[in-house]
Amino acid sequence: QQQVKQSPQSLIVQKGGIPIINCAYENTAFDYFPWYQQFPGKGPALLIAIRPDVSEKKEGRFTISFNKSAKQFSLHIMDSQPGDSATYFCAASPFFGSSNTGKLIFGQGTTLQVKP
Amino acid sequence: NAGVMQNPRHLVRRRGQEARLRCSPMKGHSHVYWYRQLPEEGLKFMVYLQKENIIDESGMPKERFSAEFPKEGPSILRIQQVVRGDSAAYFCASSRRQDNGYTFGSGTRLTVV
């Protein structure tokens, strides 16, 4: 119930391609879904986040698509660049209510390589 | 604003020694979270602290691990009698209030030899 399952484990695309990373969850109490980007030797950095009252959110070249009924959400990177090569983590948490302690449940991560 | 500062960046300990990891939150942040990242895995929540209080330690191993966030000074994650399985990257994050929009530090990489 507390798991977030992420796929694929690794992904290679050409520059300009649109990598898509998928996540699925079970706990219906989750209502905050962020994506983090992590470069080697660095801490995760918040990229974009969504709450289930919308089905899509865009920030620059990054888009989250959210399917509440399927309990799935995905990250799309438009016009991907070699500088986007990093590990991407999805996460989930209850955002409001007494059960929220700010704890995030992370997926296993996707290593993305964008070839020039 | 220097961000979340963790030190040391790298720590090597022999089996049975103690490891002490420090985290200074961003200025104005009074909420601190610790996560552990094993090789090729995602981050696992360990503990959530506010000043002088442990709020949620549901992810902390029952033995050898402890955390504190004193009124003055950094938050400390202490691992006693380290074993090889404790080798991991330990990340600290801080926030101004109790929500999910927090900032991570660059982590401490612990290696137990």
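Structure: see above.
This section reports on the structure supplied with the text. None of the values given here were measured: they were computed from a predicted structure.

### As for the state of the cysteines
Each disulfide consists of one covalent bond between the sulfur atoms belonging to two cysteines.
Now for step 1: Counted by the stated rule, this structure contains two disulfides over all chains.
Now for step 2: Covalent S-S linkage joins Cys23 of chain A and Cys90 of chain A, the inter-sulfur distance amounting to 1.9 Å. Where Cys23 of chain A bonds to Cys90 of chain A through sulfur, the torsion about that S-S bond is close to -95°, and the disulfide is left-handed. In this pair, Cys23 of chain A sits in strand 3 (residues 20–25) while Cys90 of chain A sits in strand 9 (residues 86–92), placing the two residues 67 residues apart along the sequence. As far as the burial class goes, Cys23 of chain A and Cys90 of chain A line up, both buried.
Now for step 3: Note on cysteine connectivity: Cys23 of chain B is disulfide-linked to Cys92 of chain B, with sulfurs 1.8 Å apart. Across the S-S bond of Cys23 of chain B and Cys92 of chain B the torsion is about -50°, and the bridge reads as left-handed. In this pair, Cys23 of chain B is assigned in strand 3 (residues 19–24) and Cys92 of chain B in strand 9 (residues 88–95), connecting sequence segments 69 residues apart.
Now for step 4: Its relative accessible area of 0% is what places Cys23 of chain B among the buried residues.

### Some points on the pairing of strand 8 (residues 75–79) of chain B
Residue and element names in this part refer to chain B.
Now for step 1: Within strand 8, five of the five residues are buried, which leaves it mostly tucked inside the rest of the structure.
Now for step 2: Every second residue of strand 8 is oriented toward a common face, with Ser75, Leu77 and Ile79 on one face and Ile76 and Arg78 on the other, all of them buried.
Now for step 3: Where strand 3 meets strand 8, five bridges bridge the pair, whose relative direction is antiparallel. In the strand pairing of strand 8, Cys23 is matched with Ser75.
Now for step 4: Where strand 7 (residues 65–68) meets strand 8, four bridges bridge the pair, whose relative direction is antiparallel. Pairing of Ala67 across the sheet is with Leu77, part of strand 8.
Now for step 5: The hairpin formed by strand 7 and strand 8 contains six residues between the paired strands, and Gly73 there has a positive phi angle of roughly 100°.

Rules used throughout
Residues numbered from 1 in each chain as written. Chains lettered and ligands numbered in written order. Predicted model: local features only at pLDDT ≥ 70, side-chain atom pairs only at ≥ 80, totals over all residues. Heavy atoms only, no water. Disulfide = S-S within 2.5 Å. Helix = DSSP H or I, 4+ residues; strand = E, 2+ residues; numbered from the N terminus. Buried < 20%, exposed > 50% of the residue type's maximum accessible area, 1.4 Å probe, protein only. Pairing = 2+ DSSP bridges.

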